[in-house]
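# Breakdown of the fold
Here is how the chains run, residue by residue.
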Amino acid sequence: MSVRDLFKLDGRVALMTGGSRGLGLQMAEALGEMGCKLAITARKADELEEASAHLQAMGFEVLTVVNDLQQHEQIPHLVDQVLARYGQIDILVNNAGATWGAPAEDYPDEAWHKVMNLNINAPFFLSREVGRRSMIPRQQGKIINIASVAALKVLPQIGVYCMSKAAVVQMTKAMALEWGRFGINVNALCPGYIATELNEEHWVTDGGQKLV
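Note that the structure is a prediction, hence the values are computed from the model and not measured.

## Remarks on the packing of aromatic side chains
Enumeration over the complete set of coordinates arrives at one aromatic pair. Judged by centre distance (5.8 Å) and plane angle (65°), the rings of F124 and F125 are edge-to-face. A relative accessible area of 35% means that F124 is categorised as partly exposed.

## So, helix α2 (residues 22-33)
Side chains three or four residues apart in an α-helix point the same way, a direct result of the helix having 3.6 residues per turn. The end-to-end C-alpha separation of α2 is 17 Å, in line with the 16 Å expected for 12 residues at 1.5 Å each. Buried within α2 we find G22, G24, L25, M27, A28, L31 and G32. The inward-facing, buried residues of α2 contact β1 (13-17), β2 (37-42), α3 (45-57), β4 (91-94) and β5 (141-146).

## As for the sheet that holds strand β3 (residues 62-66)
Sheet strands pair by backbone hydrogen bonding; their relative direction is either parallel or antiparallel. The six strands lie next to each other as β3-β2-β1-β4-β5-β6, forming an open sheet whose pairing is parallel. Unpaired on one side and paired on the other, β3 and β6 (184-189) mark the two borders of the sheet. The average undirected angle you get between the axes of adjacent strands in this sheet is 15°. Relative to β4, β1 is paired through three bridges, and the arrangement is parallel. Across the sheet, residue M16 finds its bridge partner in β4, namely V93. Contacts from α3 reach β2 and β3, with the element oriented near 175° to β3. Helix α4 (residues 75-86) contacts β1, β2 and β3 of the sheet and is inclined by roughly 160° relative to β3.

## Quick notes on the nonpolar core
In terms of nonpolar packing, the biggest core is built from 39 residues, with L15, V82, I89, L126 and V130 touching the most fellow members. Listing elements by their share of this core, those giving two or more residues are β1, β3, α4, α5 (109-138), α6 (159-179) and β6. In terms of residue count, the dominant contributor to this core is α5 (nine residues). Membership of the second largest hydrophobic core comes to 18 residues, among which are L38, A42, I91 and I146.

## So, unusual backbone geometry
The backbone phi angle of Q139 is positive, close to 60°, even though this residue is not glycine. In this structure Q139 comes out as partly exposed when scored by relative accessible area, which is 44%. In this model, Q157 sits at a positive phi of 75°, which is unusual for a non-glycine residue. Relative to the assigned elements, Q157 resides in the loop between β5 and α6. You can call Q157 partly exposed: its relative accessible area is 44%.

The rules we used
Residues numbered from 1 in each chain as written. Predicted model: local features only at pLDDT ≥ 70, side-chain atom pairs only at ≥ 80, totals over all residues. Heavy atoms only, no water. Phe/Tyr/Trp six-rings, centres within 6.5 Å; stacked < 30°, edge-to-face > 60°. Buried < 20%, exposed > 50% of the residue type's maximum accessible area, 1.4 Å probe, protein only. Helix = DSSP H or I, 4+ residues; strand = E, 2+ residues; numbered from the N terminus. Expected span 1.5 Å × (residues − 1). Contact = heavy atoms within 4.5 Å. Pairing = 2+ DSSP bridges. Axes fitted to C-alpha atoms, helices over the stretch in contact; angles between N-to-C directions. Core = buried A, V, L, I, M, F, W, Y, C linked by side-chain atoms within 4.5 Å.

Shown next as C-alpha cells:
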C-alpha cells in the first residue's frame, strides 16, 4: 500500500475557514489532493473566486462561501450552504484568524474584540454548529484547530494573540474530551512563524531586507 493510499479521503467533505489564501489555501490543496470535496470560506469575494479557480484548475470540487466569521449570527447560514451542496461535513479546519500588535497598556478595544472574535469565538461557534448538525448525528468527524506556537510562549507586543491561541488549545482539549464518545477527533496544530499575508508587515529584517 502506498503512503497516499494510507491518507486517502475520497468523497469526504472538508470545510476550511480562511481558505482563500496563505496556509488555509495550502491546506485546502492538500485535502483536495487526498480526495476531499472542498468548501472554503473567507470575507473577500474576489480572493475566494481566485482561490476557487486555482483549486478547480487542480481538478478539485470547490464550494465558496463569502462569510465574515466575526458576525457570529452568520455562522448557521455558512453551515446551511455547505450542507445544501454536500449533505455533510466530515472535516472542519478552523484556520481563519487575526493578529494585532500593541503594548498591553495601549491595546485598543477594537483590536481585543477582533482577535478574540476570530481566534476563539468563531472556531467555537462554528465547531458547535457543525458538530451538532453533521458530526454528532453521524457519529464521526474530524476537527482541526489552527493554534500557534504562540499558545505556548508569550511574545512581546502580541500578548493578546498569545492568549487567544492558548485558549484555542484548551478549547481543543475540552471538545476532544466531550465529543470523543461521538467518534469525533478534535486536534490542534501549533505552527511556528509562517510568512503569509496575515503578518506581511513583519516580512523585513532589521536591515530592511524582504524575507519573502
